[in-house]
Amino acid sequence: GESVGLHLPTLSVQEGDNSIINCAYSNSASDYFIWYKQESGKGPQFIIDIRSNMDKRQGQRVTVLLNKTVKHLSLQIAATQPGDSAVYFCAENMGSGNTPLVFGKGTRLSVIA
Amino acid sequence: DAGVTQSPTHLIKTRGQQVTLRCSPKSGHDTVSWYQQALGQGPQFIFQYYEEEERQRGNFPDRFSGHQFPNYSSELNVNALLLGDSALYLCASSRELKQETQYFGPGTRLLVL
């Protein structure tokens, strides 16, 4: 079936560098995408979202890029900090935020001080 | 403004037993969704409650049932527990009319022995 997936299961970056976490989705009907951060022992924390009528959205130190042509989503974290170490999930759904979220397996980001 | 809360934080049960997990949504939210997250995996949608009724359901057996109360809080019940039910159970809340994303609680870690 269609699902959200991730290119890389682990990513190690030096503190202060920029991080890029990638995600591929296969459901062409999906029109809303969200990035979550999950620290050990905690629930997923909302980072940033983007709708399919946009190709870029910026937050504080984070940017999400959406390429609908190749069904690709990325999360860019600027000036990565030790506190950014966590597992990052992309999730998709169709329509409103109340439809079920489909998650991938996640990417573990490790920040080297 | 309280976020999503869940109880208990941890739980140990034996095979065949029954368990009830509880969730209080974020203030102002009226929709509750439950997810199961196995170790090393992304969350999987179980079901969603709105107006005290189950509105959508994922691919989970009917051993998994739920309830939503008039104050929007919710319970997840699992009967005849199996070893494979060991997981982190996450509750997410959202507002139906706002069409915003779902916000997650810290989860309940269930271990079935």
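Above this note sits the structure.
Residues numbered from 1 in each chain as written. Chains lettered and ligands numbered in written order. Predicted model: local features only at pLDDT ≥ 70, side-chain atom pairs only at ≥ 80, totals over all residues. Heavy atoms only, no water.

Here's the deal with the overall build of chain A
In terms of helices and strands, chain A carries zero helices and eleven strands. For chain A, the succession of helices and strands along the chain, N to C, is β-β-β-β-β-β-β-β-β-β-β. Looking at chain A as a whole, 44% of its 113 residues qualify as buried. A separation threshold of at least 6 residues defines the contact pool for chain A, and within that pool the share at least 24 residues apart is 54%. Summed over all atoms, the accessible surface of chain A reaches about 5,400 Å², with 48% contributed by carbon and sulfur. (Helix = DSSP H or I, 4+ residues; strand = E, 2+ residues; numbered from the N terminus. Buried < 20%, exposed > 50% of the residue type's maximum accessible area, 1.4 Å probe, protein only. Contact = heavy atoms within 4.5 Å. Areas by Shrake-Rupley, 256 points an atom, 1.4 Å probe, with all protein chains shown as cover.)

Section: the state of the cysteines
Residues and elements named next belong to chain A. A full pass over the atoms with the stated rule returns two disulfides over all chains. In this model Cys 23 forms its disulfide with Cys 90; the gap between the sulfur atoms is 1.8 Å. Because the torsion about its S-S bond is 50 degrees, the bridge between Cys 23 and Cys 90 counts as right-handed. Residue Cys 23 is located in strand β3 (residues 19–25), and its partner Cys 90 is located in strand β9 (residues 86–93); the two are separated by 67 residues in the primary sequence. An identical accessibility class is assigned to Cys 23 and Cys 90; each is buried. (Disulfide = S-S within 2.5 Å.)

Some points on the interface of chain B and chain A
With 24 residues of chain B at the contact, the number on the chain A side is 20 residues. Scanning the region where chain B abuts chain A turns up zero salt bridges. Linking chain B with chain A are four residue pairs in polar contact (both at pLDDT 80 or more). Contributions of two or more residues to the side of chain B that touches chain A are made by β4 (31–37), β5 (44–50), β6 (53–57), β9 (87–94) and β10 (103–104) of chain B. (Salt bridge = Lys/Arg side-chain N within 4 Å of Asp/Glu carboxyl O. Polar contact = N/O pair within 3.5 Å; in protein donor to acceptor, adjacent residues only side chain to side chain.)

With respect to the pairing of strand β8 (residues 72–77) of chain A
Residue and element names in this part refer to chain A. Sheet topology note: the β3/β8 ladder contains six bridges and is antiparallel. Along β8, the bridge assignment pairs Ile 21 with Leu 75. Bridge count between strand β7 (residues 62–67) and β8: six bridges; the pairing is antiparallel. Considered in β8, the bridge of Leu 66 is made with Leu 73. Between β7 and β8, which pair antiparallel and follow one another directly, the connecting turn spans four residues, one of which, Lys 71, has a positive phi of 55 degrees. (Pairing = 2+ DSSP bridges.)

A few points about the side chain of Asn77(B)
All names here are of chain B. Within the element layout of this structure, Asn 77 appears in strand β8 (residues 74–78). On the accessibility criterion, Asn 77 (16% relative accessible area) is buried. Engagement of the side chain of Asn 77 in a polar contact is seen with the side chain of Thr 20, the distance being 2.6 Å. Ignoring anything within four residues of it in the chain, the contact list for Asn 77 reads Gln 18, Val 19, Thr 20, Arg 63, Phe 64, Ser 65 and Gly 66.

Structural notes on the pairing of β4(B)
In the case of a regular strand, side chains alternate between the two sheet surfaces. Residue and element names in this part refer to chain B. Taken across its seven residues, β4 has seven buried, putting it largely inside the fold. Here β4 shows two buried faces, one formed by Thr 31, Ser 33, Tyr 35 and Gln 37 and the other by Val 32, Trp 34 and Gln 36. Taken together, the six bridges between β4 and β5 define a ladder with antiparallel strand orientation. What sits directly across from Thr 31, in β5, is Tyr 50. Linking two consecutive strands that pair antiparallel, namely β4 and β5, is a turn of six residues; a positive phi of about 80 degrees is found at Gly 40 within it. Pairing of β4 with β9, which is carried by seven bridges, proceeds in the antiparallel orientation. Following the sheet pairing, Ser 33 is matched in β9 by Ala 92.

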